[in-house]
Amino acid sequence: RLITHHGYTVEGLATKVGKSRGYVYGRLQIARLPDAAKRVLLEGETNLSLALLVARLDNPEIATEAAEKIIRGHRYFDGGEKWLPLTVQQAREMIERDYMLDMAQAPFQIFDTELVPAAGPCTTCPKRTGTAADLFGEFGKRDLCTDRACFATKVAAAWQLAANEFGRKLKGRKFVV
């Protein structure tokens, strides 16, 4: 409410409460968690670190799915079958592997403003860990895309441009495939 109703910035709020910008961003993200993800995390009696990892996923359905995977965790046997939630390290690895994409592997130019004009360039995208280190905490150390749908759209657009260029070069030529 201090931000939305009283005009504070994240920086101003961090100074006022004596915490880092990353701390304030993290708490704002937890507040934005979809209700289903909050419920899964609260019912699983998880810790704040796990909630912060899930909160960094922008899509509500994906955040809920990730929360369920974390709580479901893995099985162990102790006089019967029991489930343990993932540790913070295991959860971080799972989220990186299943929900984020490495920008170094992008088959398109991340600074291209015209590839998908509605999305703009990746270099200024707030859903990219490399441009918002305060927002992504430990994920900010790697340059990852958190928007799989946008990434897929850009990959498809890049391949279409390459196919069009290839077709233009071959126009009127005979070739055998």
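Residues numbered from 1 in each chain as written. Predicted model: local features only at pLDDT ≥ 70, side-chain atom pairs only at ≥ 80, totals over all residues. Heavy atoms only, no water.

Caption draft 1: Layout of the nonpolar core. Judged by nonpolar contacts, the single largest core of 23 residues is most densely connected at L33, V54, L57, I70 and I95. Those elements that place two or more of their residues in this core are α3 (35–43), α4 (48–55), α5 (60–72) and α6 (88–99). Ranked by the residues each element gives to this core, the list is headed by α4, at six residues. In contact with L57, not counting residues within four places along its chain, are I62, A63, A66, I95, Y99 and M100. Core analysis: the second largest hydrophobic core is formed by twelve residues, V116, C145, F151 and A158 among them. (Core = buried A, V, L, I, M, F, W, Y, C linked by side-chain atoms within 4.5 Å. Buried < 20%, exposed > 50% of the residue type's maximum accessible area, 1.4 Å probe, protein only. Helix = DSSP H or I, 4+ residues; strand = E, 2+ residues; numbered from the N terminus. Contact = heavy atoms within 4.5 Å.)

Caption draft 2: The packing of helix α2 (residues 21–32) against α4, seen in detail. One can describe the packing of α2 onto α4 by two numbers: an axis separation of 9 Å at closest approach and a directional angle of 75°. On the basis of their axis angle, the class for α2 and α4 is roughly perpendicular. When α2 is examined against α4, the residues G26, R27, Q29, I30 and R32 are found in contact with a partner set consisting of L48, A51, L52 and A55. Tallied by class, the residues present in the contact of α2 with α4 amount to five nonpolar, two polar and two charged. (Axes fitted to C-alpha atoms, helices over the stretch in contact; angles between N-to-C directions. Parallel < 35°, antiparallel > 145°, perpendicular 65-115°, else oblique. Nonpolar A, V, L, I, M, F, W, Y, C, P; charged D, E, K, R; others polar.)

Caption draft 3: The side chain of T129, seen in detail. Topologically, T129 is positioned in the loop between β3 (101–102) and α7 (133–136). Given a relative accessible area of 0%, T129 falls into the buried group. Among the polar contacts made by the side chain of T129, one reaches the main-chain carbonyl oxygen of R142 at a distance of 2.3 Å. At 2.7 Å, the side chain of T129 forms a polar contact with the backbone nitrogen of L144. (Polar contact = N/O pair within 3.5 Å; in protein donor to acceptor, adjacent residues only side chain to side chain.)

Caption draft 4: Spotlight on the state of the cysteines. Overall, the coordinates contain zero disulfides when judged by the stated rule. Distance from the sulfur of C122, which forms no disulfide, to the nearest cysteine sulfur (C150) is 6.2 Å. In this structure C150 is a free cysteine whose sulfur lies 6.1 Å from that of C125, the closest cysteine sulfur available. (Disulfide = S-S within 2.5 Å.)

Caption draft 5: Expanded view of α5. With 13 residues, α5 ought to run about 18 Å at 1.5 Å a step, and its terminal C-alpha atoms sit 18 Å apart, in line with that. Those residues of α5 not exposed but buried are A63, T64, A66, A67 and I70. On an axial view of α5, the arc spanned by its buried residues comes to 165°, and they lie on one face. Buried residues along α5 sit against α3, α4 and α6. By the N-cap criterion, in which a side-chain oxygen at the helix start approaches the backbone nitrogen of a residue two or three places on, α5 is capped by N59, the distance to E61 being 2.8 Å. G73 sits one or two positions beyond α5 and adopts a positive phi of about 50°. (Expected span 1.5 Å × (residues − 1). Arc of directions from axis to C-beta.)

Caption draft 6: Representation of α2 in the model. Helix length check: α2, at twelve residues, gives a terminal C-alpha distance of 17 Å against a target of 16 Å (1.5 Å per residue), a fit within 8%. Considered for burial, the residues of α2 that qualify are V24, G26, Q29 and I30.

Shape is all these values report; function is a separate question.
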